[in-house]
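Remarks on the overall topology
Given next are the chains, with one letter for each unit.
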Amino acid sequence: MADKNTTSTINLAAAEELPKAQSKFKEFVKKFMKRKTAVISLAFIVFIILMAIIGPYVVPYDPQAPDYTAMMQGPSAAHIWGTNEYGQDVFSRLMVGTRLSLTCALTATIIGTALGVILGLIAGFYGGIIDSLIMRCCDVLFAFPDILLAIAVVAIIGQGMVNVMIAVAVFTVPSFARIIRSATISVKQAPYVEVARSLGCSNMRILFVHIFPGTIQSMIVNFTMRVGTAILAASSLSFLGFGANVTEPDWGSMLSTGRNYLNTAPHMVLFPGILIFLTVLAFNLLGDGLRDTLDPKMN
Amino acid sequence: MSEPLLSVKNMKKTFQANGGMFSKKKLVHAVNDVSFDIYPGETFSLVGESGCGKSTTGKLIDHLIIPDSGEIWFEGKEISKLTEKEMRSLRSDIQMVFQDPYGSLNPRMKVQDLIGEPLLIHTNMSAGERLKKVHELLGTVGLSPSHGERYPHEFSGGQRQRIGIARALTVQPKLIIADEPVSALDVSIQAQVLNLLQQLQKDFNLTYLFISHDLSVVEMISDRIGVMYLGTIVETAPKKELYANPRHPYTRALLSAVPIPDPDLTKERITLKGDLPSPSNPPSGCLFHTRCPHCTEKCKTQVPTPVEIAPGHIVKCHYPELTE
Amino acid sequence: MAEKLLEVKNLRTEFKRDKTWVTAVNNVSFSIQPGEILGLVGESGCGKSVTSLSVMGLLARNSKISNGEILLNGKDLLKEDKKGMRKIRGREVAMIFQEPMNSLNPCMRIEKQLTEAILLHNNFSKEEAHNRAFEVLKSVGIPEPDMTLKSYPHQLSGGMCQRVMIAMAMSCEPELLIADEPTTALDVTIQAQILELMEEIRAKKNTGILMITHDLGVVAEMCSRVVVMYAGRIVEEAPVHDLFADPKHPYTQGLIGSVPKLGSGVESLPSIPGSVPDLSVMPKGCKFAPRCKYATDICHQQEPELVSINEAGTRKCRCHLLNKSGKEA
């Protein structure tokens with residue numbers, strides 16, 4: 001009787017069907033769509049990225065073509081965001097400038113993220129002296145204000161777009177290292193990581209197969225927030241004259257030159273300023289939205 | 001009797017507990033001089049209350065933590081001093097089933113990848129062979145192959161524990177350490193999992209080290225039992241002997257404290273006074289003397305040595321005759 | 001029948017999940033007399049905790065009581081406003097929880113937490129409140145009440161914390177004590193102490209206790225009557241002796257069968273196949289039918305009523321097959 005019972009249990013359990021569950025991604029999209037500000041931010045970012053790709057082919061004017069008959073004009077039907085001191089169309093320059101500003105910010109953040117994540121994973125997983133070493137270096141970098149650090153880096157390695165990227169990447173690293181380290185430490189304590197060890201997984205497998213996926217969510221969130229900061233920093237650097245060639249349209253340098261004509265043509269500052277502001281805001285709000293959606297405690 | 005599969009000799013482990021910044025560091029004696037043997041094909045249980053060191057013992061044997069002193073012999077080989085790398089090849093022989101069916105499965109991996117992971121690590125099977133084996137195992141533990149495509153969060157506690165058991169079985173281990181495998185489950189599910197464990201033991205000739213706080217569950221599944229208190233084994237005996245004739249005062253109190261689901265049964269209850277002493281500051285002499293109803297001066301000063309009072313029945317008490 | 005301390009009638013509690021309301025507790029009725037311990041038994045998710053929270057008026061925001069009455073000494077608690085409920089909670093009904101460690105504020109000394117509860121319901125001076133706190137701690141068997149009053153919760157063991165929780169609950173001498181899994185987080189030897197203490201309180205103060213637990217051993221030892229819940233419904237109600245001697249509902253039978261009994265020497269357990277249905281996808285008909293080995297067509301079609309099955313009306317059961325064969329298994 002007893003044996004019969006045992007086997008019947010096993011068979012019956014096999015027949016048991018699970019309630020239909022949605023895929024994790026679908027569930028995520030559904031939850032994300034409920035956050036209006038994040039969705040609007042995402043739409044705006046998609047628009048900006050689109051502009052970076054197709055901008056040069058669709059803008060109404062050649063951003064580099066001077067028009068000496070229409071210098072420093074305010075917004076009008078012909079030039080909706082006015083013109084600059086050479087009579088170049090501000091709207092066209094901004095849209096085309098998207099490519100440079102965004103490429104710079106994104107590349108810098110990606111480089112900074114990659115380095116920061118690797119350092120954070122190593123520090124969090126191995127602990128001890130390696131951890132102390134990495135984290136103390138990060139603390140040193142943290143001690144300087146972001147922009148000051150970037151200026152220092154550019155001052156050392158010289159100006160230019162690539163160097164601006166490197167400078168921005170350098171100050172992105174410590175914040176990632178710190179966040180990923182703490183995420184690593186918390187995932188490391190999950191029972192399934194101990195299970196992985198007991199199964200005989202190598203350290204590399206534990207680190208990349210079992211721990212790293214658990215930190216991706218903090219990585220994504222921090223990434224979007226840092227992109228905003230990077231845009232701001234890249235703009236600031238070109239505003240200060242460390243960035244790209246002034247003739248190439250770029251948000252920061254447009255802001256910088258516009259400053260000279262603040263009294264006579266405020267629109268030259270206003271529109272680049274608004275665009276930078278909105279982009280940074282959008283990335284930050286998207287980051288907030290993603291964090292809230294991904295955090296299971298925030299439902 | 002045949003050679004033991006696993007033999008633990010005088011194993012000790014202390015942890016450092018963090019005191020305050022200025023206070024002295026405390027030492028917690030988690031496992032204190034534990035010795036036992038497990039023979040092939042049997043179920044040996046460690047039972048005790050929280051903080052008695054039973055889970056630490058399991059982890060020590062599985063080499064998740066390293067003992068301070070003592071020896072662990074597995075199949076005639078001393079394993080406690082192996083490095084992590086040397087141990088890795090042995091891990092296919094010793095597998096663990098964990099207490100927490102929710103936390104012990106990586107939530108980001110599909111069930112078939114979870115179960116197939118030991119095969120990926122320990123064998124050279126191709127992906128197809130692995131999947132075939134995984135499907136076979138899913139059937140063995142009472143799930144269907146289609147469940148392999150799903151993620152752990154879609155399963156109930158009992159089903160997750162089945163997945164954990166299937167994973168432990170993949171590499172045909174000789175010893176399975178089951179650390180509280182049913183204590184997070186509801187009673188009706190608990191019975192399913194216990195029956196499954198017994199069935200698998202018969203089918204695959206497994207040896208279990210079963211760790212639990214639940215004396216009723218332990219009675220059902222074990223062949224021999226070790227009762228732990230404050231990091232030591234106070235009594236070891238074959239199951240029938242232990243339940244019919246418990247000799248250590250702690251075992252007696254423990255057994256009498258278990259509520260029995262039968263209102264017509266009245267039994268004498270030995271209620272222990274006071275709380276468990278802190279393992280960072282264990283009592284002198286016999287560790288149980290602070291709560292023992294028969295405590296004498298000798299108990300307060302001298303550590304009792306284990307006495308074999310019947311074949312296989314070992315008690316660590318100065319006065320085993322008192323409880324006859 | 002004697003006067004009723006607590007009477008719950010046709011309670012229905014729902015909570016919101018993904019914009020739809022799911023029923024956690026459906027048509028639950030039971031009563032407790034003064035000095036009686038009623039056991040509420042079931043597995044996780046059966047609605048036993050939701051029932052107790054409904055009585056306390058402590059449901060989370062996303063839930064509501066959509067039907068029923070909860071009468072405490074004849075007074076309907078559901079008609080009380082927030083302020084009225086606050087007066088009743090602690091004074092007339094008190095509750096102890098499963099996790100004693102987490103139920104105490106870790107940043108406050110025991111004395112502060114205990115006197116706070118006392119001052120809330122009495123016009124005591126601080127001095128009097130302190131003395132009262134000392135008294136109740138002593139009454140729950142804490143060896144050094146002075147020391148304990150000055151400690152923080154993390155300095156006490158789990159058993160001590162649960163004693164403090166009980167002291168806090170008993171500080172205003174409520175007539176009804178709701179104990180939600182009071183010993184689940186404790187070790188057996190400590191559990192025995194706490195159960196003994198609760199029995200003592202009941203005998204001394206004639207307190208009615210609603211004992212919510214999944215442990216049939218605790219039920220058998222403590223309770224005089226038992227209500228068994230499954231999937232938000234009461235499936236069986238009986239005096240404790242009858243329930244264990246002759247369980248009528250197949251679920252109760254399975255539950256009792258699947259618990260290993262200490263000293264019985266069994267090596268294999270009968271078990272209930274399958275698992276508890278999800279609240280949002282309840283089966284049609286009898287909620288237990290998919291796991292029931294006796295289930296027939298009618299069980300899958302139509303939900304049975306909870307009916308009295310003996311003349312005294314002390315036993316109730318919710319099963320179709322009962323009426324036909326009288327008894328199964």
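Where an unreviewed UniProt entry is consulted, chain B appears under the name Dipeptide ABC transporter ATP-binding protein, with the organism given as Blautia difficilis. As stated in UniProt under Sequence similarities (unreviewed entry), the record for chain B gives "Belongs to the ABC transporter superfamily."

Before going further, it helps to spend a moment on the overall build of chain C. Helix and strand counts for chain C stand at 13 helices and 12 strands. The principal-axis extent of the C-alpha atoms belonging to chain C is close to 65 × 50 × 45 Å. Scored against the burial criterion, the 329 residues of chain C give a buried share of 48%. Contacts in chain C between residues far apart in sequence, at least 24 positions, make up 63% of those at least 6 positions apart.

This paragraph deals with the overall build of chain B. From N to C terminus, chain B includes 10 helices and 12 strands. Whereas a compact globule of 324 residues would reach a radius of gyration of roughly 20 Å, chain B reaches 21 Å, a difference of no more than 12%. By its C-alpha atoms, chain B is 70 × 55 × 45 Å across when sized along the principal axes. Across the 324 residues in chain B, those meeting the buried criterion constitute 51%.

For the pair helix α9 (residues 249–257) of chain B and helix α8 (residues 188–205) of chain C, the least separation of the axes is 8 Å and the interaxial angle reads 55 degrees. With respect to α8(C), the axis of α9(B) lies oblique. Where α9(B) crosses over α8(C), the handedness of that crossing is left-handed. The residues of α8(C) that touch α9(B), namely those facing Ala253(B), Leu254(B) and Ala257(B), are Val188(C), Thr189(C), Gln191(C) and Ala192(C).

For the rest of this paragraph, the subject is unusual backbone geometry. Residues and elements named next belong to chain B. The phi angle at Gln172 is positive, at roughly 50 degrees, despite the residue not being glycine. On the secondary structure map, Gln172 appears in the loop between α5 (157–169) and β7 (175–179). In this structure Gln172 comes out as partly exposed when scored by C-beta crowding, with 13 C-beta atoms within 10 Å.

In a regular helix each residue adds 1.5 Å, so 13 residues correspond to 18 Å; α5(B) covers 19 Å between its end C-alpha atoms and thus fits that length. For α5(B), the buried fraction is high: 13 of the 13 residues fall into the buried class.

Residue-level contacts link 38 residues of chain C with 35 residues of chain B. Put simply, the parts of the chain that give the side of chain C that touches chain B at least two residues each are α7 (158–170), α8, α9 (216–222), α10 (240–245) and α11 (250–258) of chain C. Along the lines of polarity and charge, the residues of the side of chain C that touches chain B split into 16 nonpolar, 15 polar and 7 charged.

All names here are of chain C. Note that strand β1 (residues 6–17) and strand β4 (residues 63–72) share 8 bridges and pair antiparallel. Across the sheet, residue Arg12 finds its bridge partner in β4, namely Asn67. Taken together, β1 and the strand that follows it, strand β2 (residues 20–32), pair antiparallel across an intervening segment of 2 residues, in which Asp18 is found at a positive phi of about 50 degrees.

Let us look at the interface of chain B and chain A. Contacts between chain B and chain A engage 30 residues on the former and 20 residues on the latter. When residues of the side of chain B that touches chain A are assigned to their parent elements, the largest contribution, 5 residues, is made by helix α6 (residues 187–204) of chain B. Here the side of chain B that touches chain A is composed, by residue class, of 10 nonpolar, 12 polar and 8 charged.

Let us now look at the sheet that holds strand β8 (residues 207–212) of chain B. Residues and elements named next belong to chain B. Reading across from one edge, β6-β7-β8-β3-β9-β10-β12-β11 is the order of the 8 strands in this open sheet, with mixed pairing throughout. Two strands in the sheet have a free side with no partner beyond their single neighbour: β6 (94–97) and β11 (307–310). Adjacent strand axes in the sheet meet at a mean angle of 20 degrees, parallel and antiparallel pairs treated alike. Where β11 and strand β12 (residues 313–315) come together, 3 bridges link them in antiparallel fashion. Note on β12: the bridge partner recorded for Ala310 is His313. Relative to the sheet, α5 contacts β6 and β7, its axis offset from that of β6 by approximately 175 degrees. Strands in contact with α9 are β9 (224–229) and β10 (232–238); relative to β9, the strand with the most contacts, it is inclined by about 100 degrees.

Residue and element names in this part refer to chain A. Running from N to C, helix α9 (residues 203–239) and helix α10 (residues 251–259) point in directions that differ by 45 degrees, and their axes come no closer than 7 Å. In terms of their interaxial angle, α9 and α10 are classed as oblique. Pair α9 / α10 crosses with right-handed handedness. Within the contact between the two elements, α9 uses Ala234, Ser235, Ser236, Leu237, Ser238 and Phe239 and α10 uses Trp251, Gly252, Ser253, Leu255 and Ser256. Tallied by class, the residues present in the contact of α9 with α10 amount to 5 nonpolar, 6 polar and no charged.

Per-residue confidence for chain B gives a mean pLDDT of 87, with 96% of residues at or over 70. Of all helices and strands in chain B, the one with the weakest mean pLDDT is helix α2 (residues 84–88) of chain B (85), whereas strand β3 (residues 43–47) of chain B scores best (95).

Turning our attention to the environment of Lys77(B). Residue and element names in this part refer to chain B. Positionally, Lys77 belongs in strand β5 (residues 77–78). Given 9 C-beta atoms within 10 Å, Lys77 falls into the exposed group. Separated by 35 residues in the primary sequence, Lys77 and Glu42 place their C-alpha atoms 20 Å from one another.

All names here are of chain B. Taking burial as the measure, the 7 residues of β10 include 6 buried ones, the bulk of the element. Counting the residues between successive antiparallel strands, the hairpin from β9 to β10 contains 2 residues, one of them, Leu230, with a positive phi of roughly 50 degrees. In this sheet, β12 lies alongside β10 in antiparallel orientation, the contact comprising 2 bridges. Residue pairing for β12: Thr236 is matched across the bridge by Ile314.

Moving on to the sheet that holds β2(C). Residues and elements named next belong to chain C. Read from one edge of the open sheet, 4 strands run β2-β1-β4-β5, paired in antiparallel fashion. At either end of the open sheet lies a strand with only one pairing partner, and these are β2 and β5 (75–76). Bridge count between β4 and β5: 2 bridges; the pairing is antiparallel. Its bridge partner lying in β5, Leu71 is registered against Asp76.

All names here are of chain C. Mean pLDDT over chain C: 87, with 97% of residues reaching 70 or higher. Contacts for the low-pLDDT stretch residues 325–329, under 50 throughout, to residues beyond four places or in other chains number 4 contacts. ipTM for the predicted complex: 0.80, alongside a pTM of 0.80.

Turning to the environment of Ile79(B), a few remarks are in order. Residue and element names in this part refer to chain B. Mapped onto the secondary structure, Ile79 falls in the loop between β5 and α2. For Ile79, a count of 19 C-beta atoms within 10 Å translates into the label partly exposed. A C-alpha to C-alpha distance of 9.5 Å links Ile79 and Asp62, two positions 17 residues apart in sequence. In this structure, Ile79 is in contact with His63, Ile72, Phe74, Met87 and Leu90, ignoring residues within four places of it in sequence.

Residues and elements named next belong to chain B. Positionally, Tyr151 belongs in the loop between α4 (127–140) and α5. Assessed through the 18 C-beta atoms surrounding it within 10 Å, Tyr151 is described here as partly exposed. For Tyr151 and Leu197, which are 46 residues apart along the polypeptide, the C-alpha to C-alpha distance reads 23 Å.

Quick notes on the rules
- Residues numbered from 1 in each chain as written.
- Chains lettered and ligands numbered in written order.
- Predicted model: local features only at pLDDT ≥ 70, side-chain atom pairs only at ≥ 80, totals over all residues.
- UniProt positions renumbered as here; feature names shortened; annotations may be inferred.
- Helix = DSSP H or I, 4+ residues; strand = E, 2+ residues; numbered from the N terminus.
- Buried ≥ 20, exposed ≤ 12 C-beta atoms within 10 Å, placed from the backbone.
- Contact = placed C-beta atoms within 7 Å.
- Rg over C-alpha atoms; globule rule 2.2 N^0.38 Å.
- Axes fitted to C-alpha atoms, helices over the stretch in contact; angles between N-to-C directions.
- Parallel < 35°, antiparallel > 145°, perpendicular 65-115°, else oblique.
- Left-handed = near helix turned anticlockwise from the far one by under 90°.
- Expected span 1.5 Å × (residues − 1).
- Nonpolar A, V, L, I, M, F, W, Y, C, P; charged D, E, K, R; others polar.
- Pairing = 2+ DSSP bridges.
- pLDDT = per-residue confidence, 0-100.

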